[in-house]
Structure formats: C-alpha cells, structure tokens
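The lines below spell out each chain.
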Amino acid sequence: MSESQQSTGARLRLVSPRRWAIRGLPPISLRFVVVVDLVAIALLGWVLTQTPVDAHSVILASVLITGAVLTVEALRRVGEPAGTFSDLQLAWTLPMALLLPPVYAMLAPIPLTVLSHFHIKYTVIYRRTFSTAALALTNLGAAVLFRGLIGVHPFAEVSTHEWVQHAGSYTGFGLLAGLIATYFDYLLVIIAVRTSDPDATWRILFRDRETATLEFVEACCGVVVTVLAAVNPFSVIAAIPPMLLLQRSILHGQLNAAARLDQKTGLLNAGTWNKEAERELTTSRGAGAPVALLLIDLDHFKRVNDQHGHLIGDEVLKLVADALAGQVRKADLAGRFGGEEFVLLLTDTPLDEASRIAERLRRRIAGLSVVGDAGESVATTVSIGIATLGQDGSDLMELLAAADAALYRAKSAGRNRTCLASETA
Ligand code: GH3
Ligand code: MG
Ligand code: MG
C-alpha cells in the first residue's frame, strides 16, 4: 500500500461512524458503559474542585507522566499485541495515587489513552473512552483505599516525608491497594464484555496466571517508583530505562507466545505442533504410555466457501477449532495442520478412549453452525482418521501417514465419520 493510501485510510478510520459503533451494543451493556463514563466524569469534576494546585505535585506528576508516555511509546514499533498485554501504566499511575492528591491519578489515563489511540492502535472510540473512565475510577480507588489502610482522610496528600518514614508498612499497603484496584478495573471490563457478548462465559472472571503475574509485577514497579519519587521526584528518571527494558522483555515473551499459534484459529500452528508432538512422543515412548493421533478434515469445505464466502468459511474454521480446544485436556496438543485440516495428539489415551473422544468431537461439530450473511445457517461436518503409537507407527511421520490413510477411508466411505488406521493394518 502506498503512503498516500495509508494516510487516506487513517483519515477514513478517524471519521468512520463504525468507530462509534456504540449503537450496536445491547441496551444493558450500553447502560453500563454510559454509567461508568458518567460516574468517572462526575467524580473527576468533584475531585478537581477539592484539589488546590501546588508546584511540587505538578512537577512530580509531570515526571511520572513522562515515564508513562515513554513506556507507552515503546509499544509503538510493535503495536498492542493481541490478548493480554501490559503497557506498564500502573508503574507510573500508582505512585500518583499513593503520593499525590487523587485528581492527578484520575487525570493520567486521559493523555495516555489519547497517545495509545493515535500512535499505537485505533480501536472503537467508546471502548477507549470506557477503559479510560474505568482506569480513572481504578486509580481513584487505589488512592482512597491506600489512605483508608494507613488511616488518613481519603483525599489527603500523603507527604513524601511520611512515605520515607513509614516506607516498610506503606509499601505493603500500597501494593495491596494497587492490586485490589487493578482487579476492580478488570472486573469493570469483564462486566462490559460479558454484557455485550452473552457468549462469553463467566470463567473469564478468573484471570490466567500470566495476567495475574504481570499485574503483580506492575504493582511492584509502581511501589518502587513511589519510594523513589518520595525521596526526590527527579530520582524517578533513573527508573525509566529499567522500565523500558522490562516493557521490552514482556513484549518479547508475548510475541514469542503469539508466534506459536495459528492466527486464524488460536490453535498451535503446524511447526509448533510438530515440534511439541515429537517431544511428547519421545516422552510417552520412554514411559510406555499410550498416545493417539487424530487427523481431522472438514468435509466439502470448498463448498462452504463457494456458497457462503471465505469470511463465513473462516468463521466455520474458528468454530471447529474452538470445539477442538474445548474437548481436549491440558496435556493434549491441538493444532491447525493445513488449510481446513486439524490434528490432535492425545496423551495417555488408548485406542478405545481415543475413538470415543473422536466420535464425541465429530457429533459435536456436526451440531454446530454459524449464521451466514443472508441469515442462513451454515453447518459443517468432519472426517477423522485415528492412529495410535506402537500399533500404527513408532514415530510421528508414521503415525501421521497412518492417520492420513484412515482419514482417506473415512472420506471415501461417505464423510462425517471416524476410521481407525488399525482396521486395515
Ligand atoms: P473434502 O471433504 O474432500 O475434504 O473436500 P474439501 O472441499 O473440504 O477439500 P478440498 O481440499 O477440495 O478443499 C479445501 C478447501 O478449504 C479449499 C480452500 O479454499 C479451503 N480453505 C483452506 N484454508 C482456508 C481458510 O483459511 N479459510 C477458508 N475460508 N477456507 C480455507
Ligand atoms: Mg476437506
Ligand atoms: Mg483437506
């Protein structure tokens, strides 16, 4: 794409009403989003009237915002990766909440959101507004909670002198306030997601370990920066380079994790699946444990694309992949092997159990459908070939070849069925 096309695209994106797609939200979600926005605006207005301006606070807030801007900018080259990611905002806003009058921590998300929106990634605007409002409330919550824990007035300025004097207990209380407030932010976002997408399960209430660890690290950084800032606002400058390095290493880990997966379906990609399956087979062979391999191919998938278009085809692929992911245990390996072909390595699974799992999967997939552009229901079926370690092959190549031959028989026999490699062996 040429540069001029790109900039036209950017302008179009800016004015596109789709960016304000708030009207598409279900009423309950819309009400929730609007209430959170209004509460944040009202509280900000009120807190503003309660806060006298003083030079020390303004200088400290400026230094902290500079640190935050630099860490957000560090994301610029890579953009926000999908899924969990951290821009380490809390490391800079928590010190504001713990040291300065709460208004600074409430205001801080505004410039940072504007920066992310225009420099890093365009997102639907009501979502950005909502997440800014949620963060402003979160930061206010951290400030009030911390003051409650140390037993002072909810809006009192906590002097740097007091911080240095009680650094031990204040560190613990600050960390606690930061973590509780972060969970509150997470909860607000989850409620918004859950009410706008009824298919999302409440299981998302429980964060994965990686997200929780990241938040803990972020809060710890926030407390470290707070102690530095309490000693002297300009000492904070020394925290910027390590924070940038931390940001980079977090991103590195997230990009690495993303590179293992197939983008369209979220399953392991073929390369990763192969590598991990080889390793798993070696372990299982050594332990004498049974392993089954399932090769799963969508039936007449070309027709789905021809009749309903590639985008609907992609939705069907994703649906099948989700069904696969939902059926397997943690130790199993589910991958996208090729276009519309999936592969499943079931560890510790003898043939009869693998056969039952395959049948359950096949029936489940046959019962799924997506809605096409004209409101029609688009369904699919799969054919499955099953091979087991020892019986049908002793390494990955042999197992794949055996499962492929069984799959071929399932197709020839009329599709929407499972076949065992051992039936012809
Ligand atoms: P069979 O039952 O024999 O497997 O028939 P089929 O039509 O599924 O098999 P065929 O190999 O003839 O066609 C596979 C089709 O899968 C063709 C291709 O367009 C489609 N396909 C492969 N990858 C993707 C993808 O990522 N998205 C979409 N929408 N279609 C894909
Ligand atoms: Mg096919
Ligand atoms: Mg195929």
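For clarity, every value in this text was computed on a predicted model and none was experimentally measured.

Cut-off values and rules
All residue numbers refer to position in the chain's written sequence, counted from 1. Chains carry letters and ligands carry numbers; both start at the beginning, A for chains and 1 for ligands, and go up in the order they are written. Per-residue local features of the predicted model are confined to residues with pLDDT of at least 70, and side-chain atom pairs are confined, for both listing and counting, to 80 or more; whole-chain, interface and lining totals are unaffected and use all residues. Side-chain metrics in this entry use all non-hydrogen atoms of the structure; hydrogen atoms and water are not considered. Only strands that DSSP links by at least two bridges are regarded as paired with each other. A run of DSSP states H or I qualifies as a helix once it reaches four residues; a run of E qualifies as a strand once it reaches two. Both are numbered from the N-terminal end. Orientation is described by axes fitted as lines to C-alpha atoms, over the contacting stretch for helices, and by angles from 0 to 180 degrees between their N-to-C directions. In protein, a polar contact means a hydrogen-donor-capable atom and an acceptor-capable atom, both N or O and within 3.5 Å, with residues adjacent in sequence counting only if both atoms are side-chain atoms; elsewhere, any N or O pair within 3.5 Å suffices. Contacts were defined at the residue level, with two residues in contact if any of their heavy atoms lie within 4.5 Å. Put simply, a residue is near a molecule or strand once any heavy atom of it comes within 4 Å of that molecule or strand. Only the protein chains shown count as covering a residue, and every accessible area follows the Shrake-Rupley method with a 1.4 Å probe. Asp, Glu, Lys and Arg are counted as charged, while Ala, Val, Leu, Ile, Met, Phe, Trp, Tyr, Cys and Pro are counted as nonpolar; the rest, among them Gly, fall into the polar class. We call an atom a donor if it is N, O or S and sits within 2.8 Å of the metal, or 3.2 Å for Na, K and Ca. Water is not counted, so some sites may look partial. For each residue, the accessible area found with a 1.4 Å probe, counting protein chains only, is set against the maximum for its type, and the residue is called buried under 20%, exposed over 50%, and partly exposed in between. A side-chain nitrogen of Lys or Arg and a carboxyl oxygen of Asp or Glu constitute a salt bridge if their distance falls within 4 Å. Here a pair means two rings of Phe, Tyr or Trp (six-membered ring of Trp) with centres within 6.5 Å. Their orientation is stacked below 30 degrees between planes, edge-to-face above 60, and tilted elsewhere.

> Lay out the sheet that holds strand 1 (residues 291-298) in plain terms, naming residues and giving numbers.
Across the sheet, which stays open at both edges, the five strands sit in the order 2-3-1-6-7 with mixed pairing between neighbours. Strands with a single pairing partner mark the edges of an open sheet, and in this sheet they are strand 2 (333-338) and strand 7 (418-420). For this sheet the average axis-to-axis angle between neighbouring strands, irrespective of direction, equals 20°. Taken together, the seven bridges between strand 1 and strand 6 (residues 382-388) define a ladder with antiparallel strand orientation. The residue of strand 6 that forms the bridge with Ala292 is Thr388.

> Mind laying out the side chain of Thr51, listing which residues take part and the relevant values?
Note on placement: Thr51 falls in the loop between helix 2 (27-49) and helix 3 (55-73). Within the local environment of Thr51, its side chain forms a polar contact with the backbone oxygen of Val47, the two atoms lying 2.7 Å apart. Among residues more than four places away in sequence, those in contact with Thr51 are Pro101 and Val103.

> For the site of ligand 1, give the residues involved together with the corresponding values.
Taken together, 17 residues form the shell around ligand 1, and within it Lys264, His300, Asp314, Arg336 and Arg415 come nearest. At a separation of 2.8 Å, an oxygen atom of ligand 1 approaches a polar backbone atom of Phe301. At a separation of 2.7 Å, an oxygen atom of ligand 1 approaches a polar side-chain atom of Arg415. Alone, ligand 1 offers 650 Å² of accessible surface; in the complex the protein occludes 70% of this. Secondary-structure elements contributing two or more residues to the shell around ligand 1 are strand 1, helix 13 (301-308) and helix 14 (310-327). For the shell around ligand 1, the element with the most residues is helix 14, which contributes four residues. Partitioned by chemical class, the residues of the shell around ligand 1 number three nonpolar, five polar and nine charged.

> Outline the coordination of the magnesium ion (ligand 3), listing residues and values.
Here the magnesium ion (ligand 3) is held by the protein donor atoms Asp297 (OD) and Glu340 (OE), which lie 2.1 to 2.3 Å from it. Distance-wise, the magnesium ion (ligand 2) is placed 3.6 Å from the magnesium ion (ligand 3), both being coordinated by Asp297. Here the residue Asp297 occupies a position in strand 1, and Glu340 occupies one in the loop between strand 2 and strand 3 (341-347), the gap between them amounting to 43 residues. Here Asp297 falls in the buried class, since its relative accessible area comes to 7%.

> Provide a residue-level description of the pattern of salt bridges, including the pertinent values.
Inspection of the entire model under this criterion finds 11 salt bridges. Residues Asp314 and Lys264 are paired through a salt bridge, measuring 3.3 Å at the closest nitrogen-oxygen approach. With Asp314 in helix 14 and Lys264 in the loop between helix 11 (240-259) and helix 12 (270-287), this pair connects stretches of sequence that are 50 residues apart. In this structure, the salt-bridge partner of Lys411 is Asp297, at a minimum N-O distance of 2.9 Å. Remark: Asp297 occurs in strand 1 and Lys411 occurs in helix 16 (residues 396-412); sequence separation between them is 114 residues. The class of Lys411 is buried, set by a relative accessible area of 16%.

> So what's going on with the coordination of the magnesium ion (ligand 2)? Residues and values would help.
Asp297 (OD), Leu298 (O) and Glu340 (OE) make up the full set of protein donors to the magnesium ion (ligand 2), lying at 1.9 to 2.2 Å. Between the donor residues of the magnesium ion (ligand 2), the gaps in sequence give the motif D-L-x41-E.

> Go over the pairing of strand 1, please, and point to the residues and values.
Counted residue by residue, strand 1 has eight buried out of eight residues, so it is predominantly covered. Residues of strand 1 alternate between two faces, with Val291, Leu293, Leu295 and Asp297 on one and Ala292, Leu294, Ile296 and Leu298 on the opposite face, all of them buried. Where strand 1 and strand 3 come together, seven bridges link them in antiparallel fashion. Each bridged residue has a counterpart across the sheet, and for Ala292 the counterpart in strand 3 is Leu346.

> An account of the pairing of strand 2 is requested, with residue identities and associated values reported.
Pairing geometry for strand 2 and strand 3, over five bridges, is antiparallel. Among the inter-strand pairings, Gly335 is bridged to a residue of strand 3, identified as Val343. Hairpin geometry of strand 2 and strand 3 is characterised by an intervening segment of two residues between the two adjacent antiparallel strands.

> Talk me through the packing of aromatic side chains; I want residue IDs and the actual numbers.
Geometry of an aromatic ring pair is reported as the spacing of the ring centres plus the angle between the planes. For the structure shown, the criterion picks out seven aromatic pairs. With a centroid separation of 5.6 Å and 20° between ring planes, the pair formed by Phe146 and Trp163 is classed as stacked. Of the two residues, Phe146 sits in helix 7 (residues 125-150) while Trp163 sits in helix 8 (residues 160-165), which places them 17 residues apart along the sequence. The same class applies to Phe146 and to Trp163, which are both buried. Among the aromatic side chains, those forming a connected cluster through ring pairs are Phe146, Trp163 and Tyr170.

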